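The lines below spell out each chain.
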Amino acid sequence: MLNKTLQQSYTLLSPLYDSVVALPTRIARQRSLAQLGDVQGMKILLCGIGTGLDIPYLPKGANYTGIDFTYAMLKRAKQPITTQDVNLHQGNVMQLPYPDHCFDVVIMHLILAVVPDSQKALDEATRVLAPNGKILILDKFLKPKQRAFVRRLLSPLISKIATRTDVVFEDLSHPTLTVVSNTAALANGWFRQILMKK
Ligand SMILES: C[S@@+](CC[C@H](N)C(=O)[O-])C[C@H]1O[C@@H](n2cnc3c(N)ncnc32)[C@H](O)[C@@H]1O
């Protein structure tokens, strides 16, 4: 279920993306990635890596792979401003082109609420995650039963061009995953920083 309209939209948004998103998300990104700790020798996947805004905050010592379905976003992630080498692949996070259990950590920053099927993206991240592996999530979620009338009303429209705004994190689950922490990150808790363990 690849959303071509979303891909076209991110192609158009790509030149503006960093100027709009980098500054407001910088501290939340740094906090989320600080949970990586010592990554020596680890294999780490960044799902929906986009223009690579996470790359400057990735600790050294791991083998990083980034995947995104929008070539124009990935092209920006390749620019030589990077502090870390990341292998970049074009592909779909709801159907990852990687074998089972091959990553120690999966980073899902601003992707789980973007894809049309968040559960499928979480299932795929879990599939490629090794036992005892971690998933780092930073995204916008509604709380269970939160009314958020405007966000629910707008979601069918803006989900086609940028992101869904009606995803409830607690509706997502996987039998092998445990939520270790779930804390407010930005915008009065609309954006949350979540750590899951397999
Ligand atoms: C809001 S941006 C987030 C980019 C980056 N993770 C960040 O934190 O800035 C969402 C990204 O997800 C990508 N994307 C959306 N749906 C995807 C899918 N099904 N598979 C792979 N990438 C996808 C878009 O191309 C875009 O680069």
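Everything that follows concerns the structure shown earlier in this document.
Residues numbered from 1 in each chain as written. Predicted model: local features only at pLDDT ≥ 70, side-chain atom pairs only at ≥ 80, totals over all residues. Heavy atoms only, no water.

Chemist: Could you give an account of the pairing of strand S1 (residues 43–47), with specific residues and numbers?
Modeler: Buried residues dominate S1, accounting for four of its five residues. Bridging between S1 and strand S4 (residues 103–109) involves three bridges; their strand directions are parallel. Bridging from a neighbouring strand, leucine 45 pairs with valine 106 of S4. (Buried < 20%, exposed > 50% of the residue type's maximum accessible area, 1.4 Å probe, protein only. Helix = DSSP H or I, 4+ residues; strand = E, 2+ residues; numbered from the N terminus. Pairing = 2+ DSSP bridges.)

Chemist: Could you give an account of the environment of valine 105, naming the residues involved and the relevant values?
Modeler: Position of valine 105 relative to the elements: it lies in strand S4. Of the residues examined, valine 105 reaches a relative accessible area of 1% and is grouped as buried. Taking C-alpha positions, valine 105 is 17 Å from glutamine 95, a pair spaced 10 residues apart along the chain.

Chemist: Residues and numbers for the pattern of salt bridges, please.
Modeler: A side chain with one charge can pair with a side chain of the opposite charge if their charged atoms come near. Taken as a whole, this structure holds five salt bridges when the rule is applied. Between arginine 127 and glutamate 124 there is a salt bridge whose closest N-O contact spans 2.8 Å. Here glutamate 124 and arginine 127 lie together in helix H3 (residues 118–128), a separation of three residues that amounts to about one turn. On the accessibility criterion, arginine 127 (23% relative accessible area) is partly exposed. The shortest N-O distance in the salt bridge between aspartate 139 and lysine 140 comes to 2.8 Å. For the pair shown, aspartate 139 and lysine 140 are each scored as buried. (Salt bridge = Lys/Arg side-chain N within 4 Å of Asp/Glu carboxyl O.)

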